[in-house]
Amino acid sequence: MQRRTLRRHLACLSTLVLGSAALALTPGLASAATQAPADHTLAANTRFYVPPPAQGSVQQILQLLKSGQLKNAGLITAMEAVPSAVWLDGETGAQAAEPGNEGSEQADAAVAKQVRLTLAAARLENAVPIFVAYNIPGRDCSQYSAGGAPTDADYDAWINAIGGALGNAKAVVLEEPDSLADLPGYCGAAYAAEFPGITNTTRVGDVAYAVSTLEADPNISLYLDGGNSAWQNVGGMAETLTAADVQQSQGFFLNVSNYQYDANSDYYGTWVSECIAYATVNEAQTPADALADVATFSGTSTPGGAFSSPGSATSPPGGCATQYWNGGAPGTTIASLSGAYTGGALSPYGVWSETTTTADLNTSGIDASYASSLAGTVPSTHFVVDTSRNGDGPDSMQSYAAAPDDQPATVISSLQAGNWCNPPSAGLGLKPTANTGVSLSSLDSYLPSNPPLLDAYLWVKTPGQSDGQCDAAGGVRTWDDAADTPSIAGWPSASSATFQTFDPLWSLATNSVFTDPAAGGWFSQQALTLAQNASPALLP
């Protein structure tokens, strides 16, 4: 049976090479998407678009076939047959400064063409495409994915080009990963000196412009950046989203290019939606009120007004409880575990729930706080979750503390802080679906069963594409060679220049001195590991 399944997947290789449009001819695909309700919520039977295979994937499949690794070739082939997002880029400031550059109009025409071609291919599949707009000025704090449009005006024109190309088409659009969870004010003094004109206010303005432009299409489900459950606190993220007019969009997205557990994203997304509802409905906070606070966020978010945390240790009604303190009143599960109003930060290295007896995974105190503060108000801001690489959750890096690596706590802490960057242990997660089965009451027992807030699980980050060159120079890797210097030929010492630019974790995984591909480059070793570690499994 397994051999027949492999042959079936390998037979898809020619389809992948020719392009994804032919996948529409494959028998057994789900029925076509139906018209979504007026609020743009995705229908449960929505079929998502399968784009052409990622650059580098077909070459890897062919190489695996040539070497007789039929199962591994089948895994990569199956991975490339799963619906995923199409990323839209534009002209960067560096490109604009190149001699002979034809101006941003060329980039706008190119992105409009990309959108139209994708829509045409999606129609052949009778499917809904997922687009990621990724061209915000000064993106990624000038780190691995630095770039973006040269000016706000250029960005607005680029968004206009996307909106014009979309027309009245049915599509999902994810507006600028990291744009709101990683505001310019969080980027530090060097960034501020390099980009003095890029501020929290201009960033929020760029996103809000995209909302007003793209939401003009009644068939677009537009989501804004909500970070992930192990990043910004609930109130700060909710306030930033409110400032960017999230309530005029479909909602927000979570976990893009990250590894957080589905349940944790589901809880976090629900709390962010609850916080938005409490602050804007119960306390009448406006986007302008929110922006007044968000404009001053520096280093990290410190929400104000109704978006701030409950005001005392006894958690009275009011405020937005956060994942970084989970204490609760008598009668909650967390109170029975830790004592009334005694709590701490939820751990990202386990699955959260209201009933678990593991204190740093228990959500009952946070849920009780929102039950009290909302006083019957039902949250209505929806969200989607990226499951492209979170099948095994985030890597705690604790395995490197044991023999034979014996890395000290300082190294483990640094590796944990950089565990978003090409972790060797990751696996593919749930395949894209709008039939999530997740309603309000399945997360927070006091809420009504409808409407569901979680619209879909999606593959947003392209599996197999590198997060960047994860090394000491970028601040996301370190290694104590006094504790352990593996017997790998060429392993550099901490005093060597090479030490700054190699990845010790993938060096251990490949038994070689390894440097990760640049951001967006095909990472064949990681692609295969993701497919092998997929949860649920890619192949029977």
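Here the structure is shown first, and the text comes after it.
Here the structure is a predicted model, which is why all the values come from computation and not from measurement.

Rules used in this analysis
Residues numbered from 1 in each chain as written. Predicted model: local features only at pLDDT ≥ 70, side-chain atom pairs only at ≥ 80, totals over all residues. Heavy atoms only, no water. Buried < 20%, exposed > 50% of the residue type's maximum accessible area, 1.4 Å probe, protein only. Helix = DSSP H or I, 4+ residues; strand = E, 2+ residues; numbered from the N terminus. Pairing = 2+ DSSP bridges. Right-handed = clockwise from strand over helix to strand, strands pointing away. Disulfide = S-S within 2.5 Å. Phe/Tyr/Trp six-rings, centres within 6.5 Å; stacked < 30°, edge-to-face > 60°. Core = buried A, V, L, I, M, F, W, Y, C linked by side-chain atoms within 4.5 Å. Contact = heavy atoms within 4.5 Å. Axes fitted to C-alpha atoms, helices over the stretch in contact; angles between N-to-C directions. Parallel < 35°, antiparallel > 145°, perpendicular 65-115°, else oblique. Left-handed = near helix turned anticlockwise from the far one by under 90°. Nonpolar A, V, L, I, M, F, W, Y, C, P; charged D, E, K, R; others polar.

S.K.: I tried to follow the pairing of strand β4 (residues 220-225) on my own but got confused; where do I start?
M.R.: Successive residues of a regular strand alternate their side chains across the two faces of the sheet. Most of β4 is tucked away: 6 of the 6 residues are buried. As paired elements, strand β3 (residues 171-175) and β4 share 5 bridges and run parallel to each other. Paired with E175 across the two strands is L224, which belongs to β4. Judged from the 3 bridges that link them, β4 and strand β5 (residues 251-254) form a sheet pairing that is parallel. By the bridge assignment for β5, Y223 is matched with G251. Handedness of the β-α-β unit built from β4, helix α10 (residues 234-243) and β5 comes out right-handed.

S.K.: Help me out: how do you make sense of the state of the cysteines in this one?
M.R.: The tally for this structure, following the rule as stated, stands at 3 disulfides. With a sulfur-sulfur separation of 1.9 Å, C141 is cross-linked through a disulfide to C187. Its S-S torsion of about -65° marks the bond between C141 and C187 as left-handed, since a negative value means left-handed. Placement of C141 in the loop between β2 (130-133) and α7 (152-166) and of C187 in the loop between β3 and α8 (189-194) is noted, with a sequence separation of 46 residues between them. Neither residue differs from the other here; C141 and C187 are each classed as buried. Covalently, C421 is tied to C470 through a disulfide, its sulfur atoms 1.9 Å apart. Its S-S torsion of approximately -80° makes the covalent link between C421 and C470 left-handed. Of this pair, C421 sits in the loop between α15 (409-417) and β7 (454-458) while C470 sits in the loop between β7 and α16 (504-510), and the two are 49 residues apart along the sequence. Taken in sequence order, the bonded cysteines of the protein chain link in the pattern 1-2, 3-4, 5-6.

S.K.: Before we go on, may I ask you to explain the packing of aromatic side chains in this structure?
M.R.: Working definition: an aromatic ring pair is given by the centre-to-centre distance plus the angle between the planes. The full count for this structure, using the stated rule, is 13 aromatic pairs. Summarising the aromatic geometry, the rings of Y191 and F195 are spaced 4.9 Å apart at their centres and angled 45° between planes, so their arrangement reads as tilted. Accessibility expressed as a relative area gives 4% for Y191, which makes it buried. Ring geometry for W479 versus W491: centroids 6.0 Å apart, planes at 65°, classification edge-to-face. Separated by 12 residues along the polypeptide, W479 in the loop between β7 and α16 and W491 in the loop between β7 and α16 bring together distant segments of the chain. Cluster of aromatic residues (ring-pair linked, three or more members): Y400, W479, W491, F499 and F502.

S.K.: How should the nonpolar core be read in this particular structure?
M.R.: Within soluble globular proteins, side chains that are nonpolar generally end up buried alongside one another. Core analysis: the biggest nonpolar cluster contains 76 residues, and F131, L166, L180, L224, L241 and Y370 have the highest contact counts within it. Element by element, the count of residues in this core is highest for helix α11 (residues 262-282), at 9 residues. Those residues within four positions of Y370 in sequence are excluded, and the remaining contacts are V234, W271, E274, C275, G319, C320, A321 and Y446. Within the second largest apolar cluster, 21 residues are counted, among which are L64, A73, A531 and L538.

S.K.: What am I meant to see in the packing of α10 against α11 here?
M.R.: To characterise two packed helices, one gives the angle between the axes of the helices and the distance between these axes. It is the contact of α10 with α11, at a shortest axis distance of 9 Å, that shows an interaxial angle of 60°. Put simply, α10 runs oblique to α11. With respect to the hand of their crossing, α10 and α11 are arranged in right-handed fashion. Each of V234, G235, M237, A238, L241 and T242 in α10 lies in contact with α11, whose residues at this interface are Y268, W271, V272, C275, I276 and T280. Its residues assigned to classes, the contact of α10 with α11 shows 9 nonpolar, 3 polar and no charged.

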